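If you want the building blocks of each chain, they are given just below.
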Amino acid sequence: MTFAINREENILRFTIKRPEIRNAINHEVIDGLEKLVSTVHNDSTIQFVVITGEGDEAFCSGGDLSIFHGLHTAHEAFPMLDRMASVLYNVATLPVPVIALVNGHAVGGGCEIATACDFRLVSSKAKAGFIQGSLAITSGWGGGTYLLEKLARQDIAMHMLCESKPYAADALLEKGWATQVYDGDKEQALQSFLIEMTQVEASVHRAYKQMLIRKWIGQNLLGQIKEEVKNCSLLWEAEEHHKAVQKFLSRKK
Ligand SMILES: CC[C@H](C(=O)O)C(=O)SCCNC(=O)CCNC(=O)[C@H](O)C(C)(C)COP(=O)(O)OP(=O)(O)OC[C@H]1O[C@@H](n2cnc3c(N)ncnc32)[C@H](O)[C@@H]1OP(=O)(O)O
């Protein structure tokens, strides 16, 4: 299996299990995220959702380039981008707090997934960034829209998107992307982060999450994300994108 969904008391955990390719996302992992969403909506006893990656190297390295590089035109790329963007919006709007436990590199679509979560607990060894620009495309799963919505400073959000590079954990904290940075054991970091919140009724968390979702509905965040997807698919078919992906896949180690 390329993912796992585990229940730990009132926490539902989703783990991307493709460490050999830095937890890159394929269609099976997207299926898993859809299953995560339906599980949460069908179980009112779930208080928190955690998303993380297997191993210590990566949280998620974005779309699986060995598969998605086979998509050439906007018409071919749009369905994958649109599906993942819709699934990620359903993750972002889950009725409970969603924590990205960023155990390692979170780049490209991986950075988009973490940004869509309510909180980002980032390993001091991790790096994260919207590196899509280095492949001559933009974010295409909603991550740019979430970043511009969530970061306190728009200039810093734009700088992150336009620099298209990974940043170390301390820089991510300074930019306001990382909620907290932890050293060592990620499980201990998660428990320390949650301990105070677990003293508060889940109904309160759910009410605050509904407040946030209402804000996003009011500003038509999903419509903005759909525009991001469309524009990414148009950039996708440019020769520059395909050359950059080919260069990565054929790089000598
Ligand atoms: C809208 C989203 C969008 C899309 O879907 O297209 C994107 O997500 S675009 C961005 C796609 N992701 C990337 O460009 C990241 C590519 N990977 C890396 O930059 C590095 O692998 C990194 C920084 C994540 C980790 O570096 P490290 O040195 O630790 O590992 P290696 O580079 O040696 O990689 C190990 C192994 O994994 C394979 N790999 C890594 N990332 C991907 C990926 N995204 N898709 C497919 N395969 C990936 C890499 O090729 C190596 O395989 P090997 O067979 O051992 O050579």
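Refer to the preceding data block for the structure.
Nothing here was measured: the structure is a model prediction, and the numbers come from that model.

(A) Layout of the overall build of the chain. Per the secondary structure count, the chain includes eleven helices and ten strands. In terms of C-alpha radius of gyration, the chain reaches 17 Å, essentially the compact-globule figure of 18 Å for 253 residues. Buried residues in the chain amount to 50% of all 253 residues. For the chain, the proportion of contacts with a sequence separation of at least 24, taken over those separated by at least 6, is 76%.

(B) Representation of the layout of surface pockets in the model. Volume-wise, the largest pocket comes out at about 830 Å³. What lines the largest pocket is a set of 39 residues, and nearest its centre among them are Ser61, Gly63, Leu65, Val107 and Phe248. Of the residues forming the lining of the largest pocket, the biggest block, five residues, is contributed by helix α11 (residues 239-249). The residue makeup of the lining of the largest pocket, split by class, is 18 nonpolar, 13 polar and eight charged. Here the second largest pocket is characterised by a volume of approximately 210 Å³.

(C) View of unusual backbone geometry. Not every positive phi belongs to a glycine, and Glu9 is a case in point at roughly 55 degrees. With respect to the helices and strands, Glu9 occurs in the loop between β1 (3-8) and β2 (11-16). Of note, the phi angle at Arg22 is positive, near 55 degrees, even though the residue is not glycine. The residue Arg22 is located in the loop between β2 and α1 (27-41) in this model. Relative accessible area serves as the criterion here: at 35%, Arg22 is assigned to the partly exposed category.

(D) Quick peek at the sheet that holds strand β9 (residues 167-168). In space, the four strands of this open sheet follow the order β4-β6-β8-β9, with mixed pairing throughout. Taken across any chain shown, the strands that pair with only one partner, and hence form the sheet edges, are β4 (58-60) and β9. Both strand β8 (residues 127-129) and β9 contribute to a ladder of two bridges, which runs antiparallel. When the sheet's bridge partners are listed, Lys127 is paired in β9 with Ala168.

(E) Structural view of helix α9 (residues 202-218). Its 17 residues give α9 an end-to-end C-alpha distance of 24 Å, which sits within 8% of 24 Å, the value for a rise of 1.5 Å per residue. Within α9 the residues assigned to the buried category are His205, Lys209, Ile213 and Trp216. Buried positions in α9, seen along its axis, are confined to an arc of 70 degrees and lie on one side of it. Away from its buried face, by an angle of more than 90 degrees, α9 presents the exposed residues Tyr208, Arg214 and Gly218. Packing partners of the buried residues in α9 comprise β3 (48-53), α3 (74-92), β5 (98-102), α5 (143-150) and α10 (221-236).

(F) Looking closely at the nonpolar core. Core analysis: the biggest nonpolar cluster contains 65 residues, and Val49, Ile51, Phe59, Val102, Ile113, Trp141 and Trp177 have the highest contact counts within it. Not counting chain neighbours up to four residues away, the residues in contact with Val102 comprise Phe59, Ala114, Leu121, Val122, Ser123, Ala126, Trp177 and Tyr182. Core analysis: the next-biggest nonpolar cluster, separate from the first, contains twelve residues, Leu121, Leu190, Leu194 and Met197 among them.

(G) Looking closely at the packing of aromatic side chains. Tallied over the full model, the rule gives three aromatic pairs. An angle of 65 degrees between the planes, with centres 5.1 Å apart, marks the rings of Phe119 and Phe193 as edge-to-face. Here the residue Phe119 occupies a position in strand β7 (residues 119-123), and Phe193 occupies one in helix α8 (residues 186-194), the gap between them amounting to 74 residues. Their ring planes at 55 degrees and their centres at 6.3 Å tell us that Tyr146 and Trp216 sit as a pair that is tilted. With Tyr146 in helix α5 and Trp216 in helix α9, the pair connects residues that are 70 residues apart, well separated along the chain. Pair check on accessibility: Tyr146 and Trp216 agree, each one buried. The residue whose ring lies beneath Arg120 is Trp177, and the NZ or CZ to ring-centre distance is 5.6 Å. The side chain of Arg251 reaches across the aromatic face of Phe248, ending 4.0 Å from its centre.

About the cut-offs
- Residues numbered from 1 in each chain as written.
- Predicted model: local features only at pLDDT ≥ 70, side-chain atom pairs only at ≥ 80, totals over all residues.
- Heavy atoms only, no water.
- Helix = DSSP H or I, 4+ residues; strand = E, 2+ residues; numbered from the N terminus.
- Rg over C-alpha atoms; globule rule 2.2 N^0.38 Å.
- Buried < 20%, exposed > 50% of the residue type's maximum accessible area, 1.4 Å probe, protein only.
- Contact = heavy atoms within 4.5 Å.
- 1 Å grid on protein atoms, 1.4 Å probe; cavity = no way out; pocket = protein on both sides within 12 Å on 5 of 7 lines; lining within 4 Å.
- Points joined across faces, edges and corners; volume = space filled by probe spheres on them.
- Nonpolar A, V, L, I, M, F, W, Y, C, P; charged D, E, K, R; others polar.
- Pairing = 2+ DSSP bridges.
- Expected span 1.5 Å × (residues − 1).
- Arc of directions from axis to C-beta.
- Core = buried A, V, L, I, M, F, W, Y, C linked by side-chain atoms within 4.5 Å.
- Phe/Tyr/Trp six-rings, centres within 6.5 Å; stacked < 30°, edge-to-face > 60°.
- Lys NZ or Arg CZ within 6 Å of the ring centre and 35° of its normal.

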